[in-house]
Amino acid sequence: MSSPVLVISNPASGDRTGPQFLSTHVLPLLGVHAISYILKQTEAPNHAGELALDFLSSVQSGSGPVTIIAGGGDGTLHEVVNALLKPSGPGGKVPAEGVRFVILPLGTANALYSSFFPPSTAVSPEADKVLTSVTDDVKPKLLSLAEFLRSSTGGKGHHQRLTLAETSFTSPSANAKLPEPIISAVVTSTSLHAAILDTAEALRDEFPGVERFKEAAKRNMEKWYEAQARLLPLPGGGKVQKYDAGKREFADVEEGEEGTVFDEPFAYFLSTVNVDRLEPAFRIAPLSRSHPSPESVPAMDVVFIRPRRDPAFTKDLTAARAGFPGKAMRAMMAAYQDGKHIGLRYDGEGEVVDEGEGNTLVEYFRCGGWEWTPESVDKSAHLVCADGTIITIPDGGKAVCKVVASTNGQFSVWA
Ligand SMILES: Nc1ncnc2c1ncn2[C@@H]1O[C@H](COP(=O)(O)OP(=O)(O)OP(=O)(O)O)[C@@H](O)[C@H]1O
C-alpha cells in the first residue's frame with residue numbers, strides 16, 4: 001500500500017492553467033505508477049489549508065509520511081503549512097512521519113520551485129525514467145514529482161528539510177487585537193519588498209505575470225522606512241553571522257550596537273528560508289544555496305540596505321537623497337544577474353562599483369531571526385510581508401521573526 005497522497009489544485013494561482021496542467025501531466029503519471037490519491041480543488045483563499053487538515057484527519061496513524069502535491073505556487077504551500085501549525089487550531093495535526101510536498105511551478109513567482117530546481121537544472125536519467133511519456137518541454141516542471149515517483153516505485157527519491165520562520169507581533173496596549181503569528185516557508189520582509197507585494201496584489205489583473213513586481217517596485221523605490229532592527233543569534237548557541245564580500249565567507253559578529261542592532265532608515269529589509277531566489281532569475285539571497293547552513297542548524301538569510309552607508313550622504317544631503325533610488329534599483333537589477341548585488345560597493349564619492357574596498361551597498365547576514373520596531377510616525381514601515389501575506393504591525397509594537405527549530409524534519413520537499 002502506498003502512503004497517503006493529496007493533490008491540491010489551486011485554480012487561481014499563476015496564469016490559472018494549474019488544473020489543466022495537473023490533469024494533462026501529473027494525474028496520468030500517478031496513474032502510470034499506480035499511486036492512489038485524493039484530488040481536491042481550492043474554492044477560495046485559505047481553502048488549501050482546510051483541505052490539508054481534512055485530509056490529515058482521515059489518515060490513519062502508522063500510514064507513513066503524507067505527500068501533498070501542491071498544484072499552485074508558493075502561496076498554496078504557505079497556506080497548508082500555516083493551517084497545520086496554527087496555534088489556535090486543533091493540535092497534533094502533523095503526522096509523526098511528517099508531511100512531504102511535491103512542488104510544481106504553477107504560481108507566479110515559484111520561489112521554492114526555482115530555488116530547489118534552478119532554471120539550469122538538467123533532467124537526470126533517473127528522473128527521466130519515471131517521467132514516462134512526458135514531453136521534453138514539460139519535464140523541467142516535474143522534477144519534484146519525479147523524486148516522489150522514484151521513491152514510490154522502489155528507487156531512491158530524495159526529500160529535503162523545509163526550514164520555517166514564524167513571525168509574531170506585539171503591541172504596547174494590552175487591549176489591542178494582535179495579528180496572529182504567521183509562518184513563512186519562503187520570505188519574510190518589511191520595507192521595499194513588503195511595499196512591493198502590497199502594491200503588486202492590486203495589480204494582479206492588469207499584470208498577470210512577474211512584471212507586476214517590477215511595476216510595483218518602480219512605484220515604491222523612493223521610500224525609506226524608519227525602524228530599529230535587531231538580528232537574533234542562530235539557534236543552538238550560535239551567533240549572528242555577517243557575510244564578508246572580500247573574503248567571500250561568513251564571520252560571527254558580536255551582539256550589541258553596531259553588530260546586531262541597527263537604528264536606521266532602511267531602504268530594503270528581507271529574510272529568506274529555503275530559497276536563494278524569489279522568482280527564477282531574482283537571486284536575492286544567493287548564499288542560502290551556495291554557502292548553505294548545515295542541516296542541523298535551521299537558519300535564515302537576511303539582506304538589507306541602509307542608505308546612510310552611502311558616502312554621498314557626507315556631502316550634499318539633498319543630492320544624495322535624490323540619487324539613492326537609482327542605487328537601490330541598481331542593487332535590485334544586480335540580483336537579477338545571478339545575485340551580483342552582494343558584491344556591489346560604494347567608491348569614495350558614493351558611486352556604486354562592482355568591486356573595491358568601500359562599504360557594500362547591501363549587507364548580508366545569516367541568523368536565527370530578527371526584530372523590527374517601526375517608528376510610530378512611519379506608517380509604511382509597519383508593513384510585514386510573510387510569503388506574500390501583508391500584515392500591519394500594531395502602533396507602538398514590533399514584529400519578531402524567528403526560525404522554528406522544533407519543526408525540524410516535519411516538513412520536507414521532494415527534491
Ligand atoms: N478558488 C480560489 N479563488 C480565488 N483565490 C484562490 C482560490 N484558491 C486559492 N486562492 C488564492 O490564490 C492565491 C494565489 O495562489 P498561489 O500563491 O499558489 O499562486 P501565485 O500567487 O500566483 O504564485 P506564487 O505564490 O508562486 O507567486 C492564494 O493567495 C490563495 O489564497
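Residues numbered from 1 in each chain as written. Predicted model: local features only at pLDDT ≥ 70, side-chain atom pairs only at ≥ 80, totals over all residues. Heavy atoms only, no water.

Under an unreviewed UniProt entry, the chain has the name DAGKc domain-containing protein and belongs to Calocera viscosa.

This part is about the pattern of salt bridges. Counted according to the given criterion, the structure contains 21 salt bridges. The salt bridge partner of Arg150 is Glu147, with a shortest N-O separation of 3.2 Å. Of this pair, Arg150 and Glu147 both sit in helix α6 (residues 143-152), separated by 3 residues, roughly a single helical turn. For the residue pair Arg150 and Glu147, the accessibility class agrees, reading buried in each case. (Salt bridge = Lys/Arg side-chain N within 4 Å of Asp/Glu carboxyl O. Helix = DSSP H or I, 4+ residues; strand = E, 2+ residues; numbered from the N terminus. Buried < 20%, exposed > 50% of the residue type's maximum accessible area, 1.4 Å probe, protein only.)

Let's shift gears to the site of the ligand. Around the ligand, a shell composed of 21 residues is seen, among which Gly14, Thr42, Thr76, Glu79 and Thr108 lie nearest. Asp74 places a main-chain nitrogen or oxygen 3.0 Å from an oxygen atom of the ligand. Contact distances for the ligand include 3.0 Å between an oxygen atom and a backbone N or O atom of Gly75. Here the ligand loses 79% of its free accessible area of 640 Å² to cover by the protein chains. (Near = heavy atom within 4 Å. Polar contact = N/O pair within 3.5 Å; in protein donor to acceptor, adjacent residues only side chain to side chain. Areas by Shrake-Rupley, 256 points an atom, 1.4 Å probe, with all protein chains shown as cover.)

Quick look at the environment of Gly343 now. Inspection of the secondary structure assignment puts Gly343 in the loop between α10 (317-335) and β15 (345-346). With a relative accessible area of 26%, Gly343 lands in the partly exposed category. For the pair Gly343 and Asp316, spaced 27 residues apart in sequence, the C-alpha separation works out to 26 Å. Excluding residues within four positions of it along the chain, Gly343 makes contact with Val353 and Asp354. (Contact = heavy atoms within 4.5 Å.)

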